[in-house]
Amino acid sequence: MRQFDKIPFNEKVIIYALYKKCVKRGSKVFVRFSHNLTVKQNRNWDYWTGTDIDLLEVTKERMIIGYEIKGMKKYKGKYEPPGLYEGLGQAMGYFNLPFVISKEDSKPKFNGGAFDFVYLVHARNEIRFSEYEKRIFDLVPIGFIIATPDGKFETVKNAFLNPIQSKEAKEHLLNNLDSLEKFSLESKIFKKIQEVGEKYFK
């Protein structure tokens, strides 16, 4: 029996599969990005996110893409895909993140808005995107990706450019990617995700 018949297709597995896809196209990847309050460098600022950013991709073209990921969850003894609106609010929040907070007075140096594009990724057993769902997602700038248990991804709705993007916030993040060390592919956070992902696809 294949391992992915035994292990649930959860968020860690999807993050692992998506990381491999992003790295293959030459992008930098950071996982579960949150407040980096323990940066080693002597800085007078911190990033603030409020919610974890499940996967942050920086492409070779210096585009910043955020992915909010929702995996299968156990319900009445079996694993079910997330509901249509699950994660939608969190994904919307990405558009204004991360804030840059002064360490001196804990006030924002400037608001966030670093992301170029934001996607909501849902686990499903098959590629299915109904007309009803399309109507809902056409109302928002978020893109929608379906992830299937075989590790494949299908973009069923492309994201629109962040309508409140801040060039200042984007450049700040691009110039300080080294501050995200504890969310990098060398981090303990990623190693735990990698362990689950490799076991699933074994």
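Here, the structure is the one placed above.
What counts and how
Residues numbered from 1 in each chain as written. Predicted model: local features only at pLDDT ≥ 70, side-chain atom pairs only at ≥ 80, totals over all residues. Heavy atoms only, no water. Helix = DSSP H or I, 4+ residues; strand = E, 2+ residues; numbered from the N terminus. Buried < 20%, exposed > 50% of the residue type's maximum accessible area, 1.4 Å probe, protein only. Pairing = 2+ DSSP bridges. Axes fitted to C-alpha atoms, helices over the stretch in contact; angles between N-to-C directions. Parallel < 35°, antiparallel > 145°, perpendicular 65-115°, else oblique. Contact = heavy atoms within 4.5 Å. Nonpolar A, V, L, I, M, F, W, Y, C, P; charged D, E, K, R; others polar.

## A word on the environment of glutamate 61
- Position of glutamate 61 among the secondary structure elements: in the loop between strand E3 (53–58) and strand E4 (64–70).
- Taking the C-alpha atoms as reference, glutamate 61 lies 8.9 Å from serine 27; in sequence the two are 34 residues apart.

## Focus: the pairing of E4
- Within E4, seven of the seven residues are buried, which leaves it mostly tucked inside the rest of the structure.
- Residues Ile64, Gly66, Glu68 and Lys70 point to one face of E4 and Ile65, Tyr67 and Ile69 to the other, with burial holding for every one of them.
- Relative to E4, E3 runs antiparallel, the two sharing four bridges. From the neighbouring strand, leucine 55 faces E4, where its bridge partner is tyrosine 67.

## Details of the packing of helix H1 (residues 11–24) against helix H5 (residues 188–200)
- For the pair H1 and H5, the least separation of the axes is 8 Å and the interaxial angle reads 90°. With respect to their mutual orientation, H1 and H5 come out roughly perpendicular. Contacts from Lys12, Val13, Ile15, Tyr16 and Tyr19 in H1 reach Phe190, Ile193, Gln194, Val196, Gly197, Glu198 and Tyr200 in H5.
- Partitioning the contact of H1 with H5 into residue classes produces eight nonpolar, two polar and two charged.

All quantities given are derived from atomic positions and should not be read as evidence of function.
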